[in-house]
Amino acid sequence: MHLSIFHRLPSLLLAAGVVYVLPTLANNESSNRYTKHTRIKQRTPKETDSNIETAMGQTHNPMNKSAMGTAAEAPSEHKPRNMSPRDLCILNLNRYPDKVQHTVIELQHSLWKHKVRLNEEHQVLVRMDESHTLGSVIDFNGQELTVQWFDETTERFVRQNDGIYIWDKLIVNNIHAKTNQKARQAGKRMLSKSAVSSAKYGWFDHLVDLIKGNTPPLVYEAFTISDGDMNIRIRFSEDEMAVVHEKAPHTCGTVLDYTGVKLHILWENGSVNSYKRTKKATYRHIDDAAIAGQLRQENGKIQREKGEDDWFQIWWRDINDEEKPLSYSNITLKVNGSDYKPRLCMDNRLLVQMHPHDSWAKIVKYDRKKLHIRWHNKDDEFYERQKDGTFIRCAK
């Protein structure tokens, strides 16, 4: 009996060993499956995006993953996988700029002034402030920078003599502010008691003042401009080339051109409007969109091409109250390597883009050397004439 138990002991021990070993192997296999599953899970795109955003220090934004937030390269042991070269460049521009080639420039906006790190290879830049705002570089040539920010707004910066790139609208605003200041000063003089209406002060009075050595007063002409159902009484000084509303708030404007029949005004709010004299001695507002549509028609009978020196025909048609045919000149604009051939109509101070662009702009200034236009959404552009007669876009 004892012998049989002794002989059976190895088999019992073996059985016990098997029972002990099997759970151990099972546990090891379960541990290996969990480890492998964890590694695979870390490589999923969802987890990778979370790791990138954690390294970037921002909240996940599914609407714009590559365009927002802070950029930084995580430590090698926590470096997110499946990252594009552009995203890696963005991360390095913010925290590890020594690891990526970049240029540092300073941008001045109307509300902020900061330096940015710009990488031309991946066409991205990052502002060096607390916001770390990211932008996509649309064009950069050393003199001008066009950038699209994360909120999809596009802005253009122009390099100044001190190396700072200033927002182009800020430049335009400064020019416009100086123009408005001059117009307001002229407006105050026209509204003062020292100013005299042209109906009370003629050429004989002016001659008498010159003989006596008196300083001639500021002479203005008063008339009504009509814009739809609204009639506004204004004062106009041809000497100052300015207008002012007779009633408060006494809005002022700069007269861009006056032919005796047509009046073109740049108002304080930035709008450029044209008016034509009627038989009742009032000036009605000209519908620029309708004129642009007529100029855009191909092979139409309502417009014809003319030379730039054809000023007499413009004046003669205005005197005879002739609306048609509209006259225009063909010019070439060069913008970022592309050529555009709009029609330029000086008698209505309009520049009209042909199909497929179908946009138009008012001509603020045109002196045969430079062209300043303002699109109907009040965006300004400046062009300079080249030797071949084309116009290339410039800073101002």
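Here we summarise the structure given alongside this text. (Residues numbered from 1 in each chain as written. Predicted model: local features only at pLDDT ≥ 70, side-chain atom pairs only at ≥ 80, totals over all residues. Heavy atoms only, no water.)

Our focus in this paragraph is the overall build of the chain. A tally of regular secondary structure across the chain gives seven helices and 25 strands. Across the 396 residues in the chain, those meeting the buried criterion constitute 39%. For the chain, contacts bridging at least 24 residues in sequence account for 35% of all contacts bridging at least 6. Accessible surface, the chain as shown: approximately 24100 Å² in total, 52% of it carbon and sulfur. (Helix = DSSP H or I, 4+ residues; strand = E, 2+ residues; numbered from the N terminus. Buried < 20%, exposed > 50% of the residue type's maximum accessible area, 1.4 Å probe, protein only. Contact = heavy atoms within 4.5 Å. Areas by Shrake-Rupley, 256 points an atom, 1.4 Å probe, with all protein chains shown as cover.)

A few words now on the sheet that holds strand S6 (residues 154-159). Pairing in this closed barrel of seven strands is mixed, and the strands run S1-S2-S3-S4-S5-S6-S7 around the ring. Taken pair by pair, the neighbouring strands of this sheet meet at an average axis angle of 35°, ignoring direction. Across four bridges, strand S2 (residues 113-119) lies against strand S3 (residues 124-127) in antiparallel orientation. Along S3, the bridge assignment pairs Asn119 with Val124. (Pairing = 2+ DSSP bridges. Axes fitted to C-alpha atoms, helices over the stretch in contact; angles between N-to-C directions.)

Here we come to the pairing of S2. Two strands pair when backbone bridges link them, and strand S1 (residues 103-108) and S2 are joined in this way by six bridges, in the antiparallel orientation. Within S2, the residue paired with Thr103 across the bridge is Leu118. The antiparallel hairpin formed by S1 and S2 contains four residues in its connecting segment. As consecutive antiparallel partners, S2 and S3 are separated by four residues, and within that stretch Gln123 has a phi angle of approximately 55°, a positive value.

Quick look at unusual backbone geometry now. Note the cis peptide between Ala248 and Pro249, where omega equals 10°. Backbone geometry places His132, a non-glycine residue, at a positive phi of 50°. Looking at where His132 falls in the secondary structure, it is placed in the loop between S3 and strand S4 (134-140).

Quick look at the side chain of Thr133 now. If you trace the backbone, Thr133 turns up in the loop between S3 and S4. Judged by its relative accessible area of 11%, Thr133 is buried. Apart from residues lying up to four places away in sequence, Thr133 is in contact with Leu125, Val126, Arg127, Trp149 and Phe150.

Turning to the pattern of salt bridges, a few remarks are in order. All told, the structure shown has 11 salt bridges when counted by the stated rule. As a salt-bridge pair, Asp339 and Lys334 come within 3.1 Å of each other at their nearest N and O atoms. Relative accessible area serves as the criterion here: at 45%, Asp339 is assigned to the partly exposed category. Between Arg374 and Asp380 there is a salt bridge, and its shortest N-O distance comes to 2.8 Å. Classification of Arg374 by relative accessible area gives buried; the value is 7%. Residue classification places Asp380 among the buried residues on the basis of a relative accessible area of 10%. Linked through salt bridges whose partners overlap, the residues forming this network are Glu144, Arg156 and Asp168. (Salt bridge = Lys/Arg side-chain N within 4 Å of Asp/Glu carboxyl O.)

Turning to the side chain of Asn180, a few remarks are in order. Topologically, Asn180 is positioned in helix H4 (residues 168-191). A polar atom in the side chain of Asn180 sits 3.4 Å from the backbone oxygen of Glu268. Ignoring any residue separated from it by four or fewer positions in sequence, one finds Asn180 in contact with Trp267 and Glu268. (Polar contact = N/O pair within 3.5 Å; in protein donor to acceptor, adjacent residues only side chain to side chain.)

Moving on, we get to H4. The first and last C-alpha atoms of H4 sit 34 Å apart over 24 residues, in line with the 34 Å expected at 1.5 Å per residue. Of the residues making up H4, those classed as buried are Asp168, Leu170, Ile171, Val172, His176, Asn180, Ala183, Ala186, Gly187 and Met190. (Expected span 1.5 Å × (residues − 1).)

Moving on, we get to a nonpolar patch on the surface. Together, Trp203, Phe204, Leu207 and Ile211 make up an exposed nonpolar region whose accessible area comes to about 530 Å². Summarising the element assignment, Leu207 is placed in helix H5 (residues 203-212). (Patch = residues over 30% accessible without salt bridge, like charges linked within 9 Å, V, L, I, M, F, W, Y side chains within 5 Å.)

With that out of the way, let us pick up the pairing of strand S23 (residues 370-375). Counting buried positions along S23 yields five of six residues, so the element is predominantly enclosed. Relative to S23, strand S22 (residues 360-366) runs antiparallel, the two sharing five bridges. Paired with Lys365 across the bridge in S23 is His372. Here S22 folds back onto S23 in antiparallel fashion, the turn holding three residues, of which Arg368 has a positive phi close to 75°.

What follows deals with the packing of aromatic side chains. Here the structure, examined in full by the defined rule, presents seven aromatic pairs. Seen in terms of ring centroids, Trp112 and Phe157 are 6.3 Å apart; in terms of plane orientation they differ by 45°. Their pairing is tilted. Remark: Phe157 occurs in strand S6 and Trp112 occurs in the loop between S1 and S2; sequence separation between them is 45 residues. Assessed through its relative accessible area of 17%, Trp112 is described here as buried. (Phe/Tyr/Trp six-rings, centres within 6.5 Å; stacked < 30°, edge-to-face > 60°.)

This brings us to the environment of Val116. On the secondary structure map, Val116 appears in strand S2. Classification of Val116 as buried rests on a relative accessible area of 0%. In the structure, Val116 is positioned 12 residues away from Met128 in sequence and 5.3 Å away in space, judged by C-alpha atoms. Look past the residues within four positions of Val116 in its chain and what remains in contact with it is Thr103, Val104, Ile105, Leu107, Leu125, Val126, Arg127 and Met128.

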